[in-house]
Amino acid sequence: MSKLSHFNEAGEAKMVDVSAKASTRREAEASAFVALSENVLIALPNNPKGNPLEVARFAGIQAAKRTSELIPMCHPLPLSFIDVTAEITVGGIAVRSTAATTGPTGVEMEALTAASVAALTIYDMCKALDKGIVIREVRLERKTGGKSGDYQR
């Protein structure tokens with residue numbers, strides 16, 4: 001396992017200097033699952049706050065663009081693409097996000113942030129119906145580009 005790059009010799013957290021790295025196309029996909037009861041799933045179309053899936057999609061896109069403001073050591077990246085989907089499935093809602101950029105560092109954190117905030121938005125929009133909602137399996141599904149190469153779960 002390689003050394004963690006977000007720490008200096010004294011063990012203090014630092015932002016990694018990526019200025020010498022080549023700008024290449026990088027893409028990442030992440031997912032999350034929001035476990036909902038059958039009653040909440042049935043009530044989704046009648047949510048007085050609006051369509052939770054569409055609001056979650058917009059929230060995820062917005063969150064990806066603000067990742068560096070939320071996670072201290074993340075670099076601000078010019079995203080060339082971000083997409084978030086939320087699909088009703090057995091037992092809940094499957095959230096997927098894809099982020100892309102051309103730059104010196106990857107977009108895994110942007111994809112993970114998008115999926116996480118989309119899932120949190122679904123929770124927020126449905127919590128009045130059930131406080132037992134569970135967000136689980138927030139994870140990186142794949143990434144391409146960069147020095148570390150491609151990754152597929």
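Residues numbered from 1 in each chain as written. Predicted model: local features only at pLDDT ≥ 70, side-chain atom pairs only at ≥ 80, totals over all residues. Heavy atoms only, no water.

(A) View of the overall build of the chain. Across its full length, the chain holds 4 helices and 5 strands. Order of helices (α) and strands (β) in the chain, N terminus to C terminus: β-α-α-α-β-β-α-β-β. Its C-alpha atoms give the chain principal-axis dimensions of about 50 × 30 × 25 Å. Put simply, the chain has 153 residues, and 40% of those count as buried. For the chain, the proportion of contacts with a sequence separation of at least 24, taken over those separated by at least 6, is 71%. Taken as a whole, the chain presents about 8,800 Å² of accessible surface, with 56% of it coming from carbon and sulfur. Charge separation in the chain, taken as the distance between the mean sites of 18 positive and 17 negative side-chain charges, equals 2 Å. (Helix = DSSP H or I, 4+ residues; strand = E, 2+ residues; numbered from the N terminus. Buried < 20%, exposed > 50% of the residue type's maximum accessible area, 1.4 Å probe, protein only. Contact = heavy atoms within 4.5 Å. Areas by Shrake-Rupley, 256 points an atom, 1.4 Å probe, with all protein chains shown as cover. Lys, Arg positive; Asp, Glu negative; His and termini not counted. Charge placed at Lys NZ, Arg CZ, Asp CG, Glu CD.)

(B) Focus on the pairing of strand S4 (residues 134–144). Inspection of the sheet shows strand S1 (residues 24–35) paired to S4 by 8 bridges, in the antiparallel sense. Residue pairing for S4: Ala35 is matched across the bridge by Val134. Alignment of S4 against strand S5 (residues 151–152), held across 2 bridges, turns out to be antiparallel. Bridged to Arg142 within S5 is Gln152. In this antiparallel pair of consecutive strands, S4 and S5, the connection spans 6 residues, and Gly145 shows a positive phi of 90 degrees. (Pairing = 2+ DSSP bridges.)

(C) Seen up close, the pattern of salt bridges. Counted according to the given criterion, the structure contains 9 salt bridges. Close ionic contact of Glu27 with Arg25 constitutes a salt bridge, the shortest N to O distance being 3.2 Å. Glu27 sits in the buried class, given a relative accessible area of 17%. The shortest N-O distance in the salt bridge between Arg66 and Glu69 comes to 2.8 Å. Taking the relative accessible area as the measure of exposure, Arg66 reaches 40% and is therefore partly exposed. Here Glu69 falls in the exposed class, since its relative accessible area comes to 55%. In the salt-bridge network here, residues are joined through shared partners; they are Arg25, Glu27, Glu29, Arg96 and Arg142. (Salt bridge = Lys/Arg side-chain N within 4 Å of Asp/Glu carboxyl O.)

(D) Highlighting the sheet that holds strand S3 (residues 92–103). Strands sit in the order S2-S3-S1-S4-S5 across an open sheet of 5 strands; the sheet is antiparallel. Strands with a single pairing partner mark the edges of an open sheet, and in this sheet they are strand S2 (79–89) and S5. Two strands pair when backbone bridges link them, and S1 and S3 are joined in this way by 12 bridges, in the antiparallel orientation. Counted as the bridge partner of Arg25 is Thr102 from S3. Against the sheet, helix H2 (residues 52–65) contacts S2 and S3, and its axis sits at roughly 150 degrees relative to S2. Against the sheet, helix H4 (residues 108–126) contacts S1, S2, S3 and S4, and its axis sits at roughly 25 degrees relative to S1. (Axes fitted to C-alpha atoms, helices over the stretch in contact; angles between N-to-C directions.)

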